[in-house]
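Given next are the chains, with one letter for each unit.
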Amino acid sequence: IFITLWSLLFIIPGIIKAYEYSMIPYILADYPGISRKEAFAVSKDMMNGRKMSLFLLEISFIGWHIISALTLYIAGVLYVYPYIHATRAEFYLEAKRELYKASGSSSGYDNYDYSRYDNSSSYGSGYDNDSYNSGSYRDGYDNDRYGEDR
């Protein structure tokens, strides 16, 4: 029995850390230029006090997983998995709003300057937003092909 209890010390902290860092993909999607270290720190702060909420949210999907398995995962591909991912994304947005509200910052997270990771900036894609909006960019398509320049 002691071996089982001691082995749980490796499993339970691993699960806790997995929930602690579960928002990293969403943070990286919002702020592609953020460093790895900052993404881990933001996720840790964002999930502080919310790990159990996310765990209970994921437990609530057990029925959906069963339905998905009964339909040979057709329901999973068509409905269940997109629904689960959309729900997790909304959880991220809500946690982000609460974190901003708690920090008293209207523009972003207190300890980090997110303006340099603003979604409206160019991510090294070969054109900036001003030239994109004016139609002067060239991405392999001619604008007049779609009647935009006529």
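Residues numbered from 1 in each chain as written. Predicted model: local features only at pLDDT ≥ 70, side-chain atom pairs only at ≥ 80, totals over all residues. Heavy atoms only, no water.

Undergrad: What should I look at first to understand the overall build of the chain in this one?
TA: Within the chain, the regular secondary structure consists of 7 helices and 0 strands. In the chain, the succession of helices and strands from N to C terminus is α-α-α-α-α-α-α. Looking at the chain as a whole, 27% of its 150 residues qualify as buried. When contacts within the chain are restricted to residue pairs at least 6 apart in sequence, long-range pairs at least 24 apart make up 56% of them. Accessible surface for the chain amounts to roughly 10600 Å². Of this, 61% is attributable to carbon and sulfur atoms. (Helix = DSSP H or I, 4+ residues; strand = E, 2+ residues; numbered from the N terminus. Buried < 20%, exposed > 50% of the residue type's maximum accessible area, 1.4 Å probe, protein only. Contact = heavy atoms within 4.5 Å. Areas by Shrake-Rupley, 256 points an atom, 1.4 Å probe, with all protein chains shown as cover.)

Undergrad: Quick question: what am I supposed to make of the confidence of the model for the chain here?
TA: Parts of the prediction with low pLDDT should not have their coordinates interpreted in detail. Scored by pLDDT, the chain comes out at a mean of 78, with 69% of its residues at no less than 70. Overall, residues 120-150 carries pLDDT values under 50, and its contacts beyond four positions in sequence, including any with other chains, amount to 20 contacts. (pLDDT = per-residue confidence, 0-100.)

Undergrad: Looking at this structure, I do not really get the nonpolar core. What am I missing?
TA: Generally speaking, nonpolar side chains in soluble globular proteins are found buried as a group. If you look at the biggest cluster of nonpolar residues, it comprises 17 residues, and the most contacted ones within it are Met23, Ile27, Tyr31, Ile34, Met46, Leu54 and Tyr92. Element by element, the count of residues in this core is highest for helix H6 (residues 74-103), at 5 residues. Setting aside chain neighbours within four positions, we find methionine 46 in contact with Met23, Tyr92, Ala95, Lys96 and Leu99. (Core = buried A, V, L, I, M, F, W, Y, C linked by side-chain atoms within 4.5 Å.)

Undergrad: Any chance you could explain the environment of serine 43 here in plain terms?
TA: Along the chain, the position of serine 43 falls in helix H3 (residues 36-47). A C-alpha to C-alpha distance of 9.6 Å links serine 43 and tyrosine 92, two positions 49 residues apart in sequence. Apart from the residues lying within four places of it in its own chain, the contact partners of serine 43 are Glu20, Tyr21, Ser22, Met23, Ile24 and Ile27.

Undergrad: Mind showing me how you'd approach the packing of aromatic side chains here?
TA: For any pair of aromatic rings, the description rests on two quantities: the centre-to-centre distance and the angle between the ring planes. Considering all chains together, one arrives at 7 aromatic pairs under this definition. Residues tyrosine 19 and phenylalanine 55 carry aromatic rings whose centres are separated by 5.9 Å and whose planes lie at 85 degrees to one another, so their mutual orientation is edge-to-face. Residue tyrosine 19 is found in helix H1 (residues 2-20), and its partner phenylalanine 55 is found in helix H4 (residues 51-59); the two are separated by 36 residues along the sequence. The exposure class of tyrosine 19 is buried, given its relative accessible area of 14%. Residues tyrosine 21 and phenylalanine 40 carry aromatic rings whose centres are separated by 4.8 Å and whose planes lie at 70 degrees to one another, so their mutual orientation is edge-to-face. (Phe/Tyr/Trp six-rings, centres within 6.5 Å; stacked < 30°, edge-to-face > 60°.)

Undergrad: Could you clarify how one ought to interpret the packing of H4 against H6 in this entry?
TA: At a minimum axis distance of 11 Å, the contact between H4 and H6 shows a crossing angle of 165 degrees. Considering their axes alone, H4 and H6 lie roughly antiparallel with respect to each other. H4 and H6 meet at a crossing whose hand is right-handed. Of H6, the residues touching H4 (which contributes Ser53, Leu54, Leu57 and Glu58) are Thr87, Arg88 and Phe91. For the contact of H4 with H6, the residue count by class is 3 nonpolar, 2 polar and 2 charged. (Axes fitted to C-alpha atoms, helices over the stretch in contact; angles between N-to-C directions. Parallel < 35°, antiparallel > 145°, perpendicular 65-115°, else oblique. Left-handed = near helix turned anticlockwise from the far one by under 90°. Nonpolar A, V, L, I, M, F, W, Y, C, P; charged D, E, K, R; others polar.)

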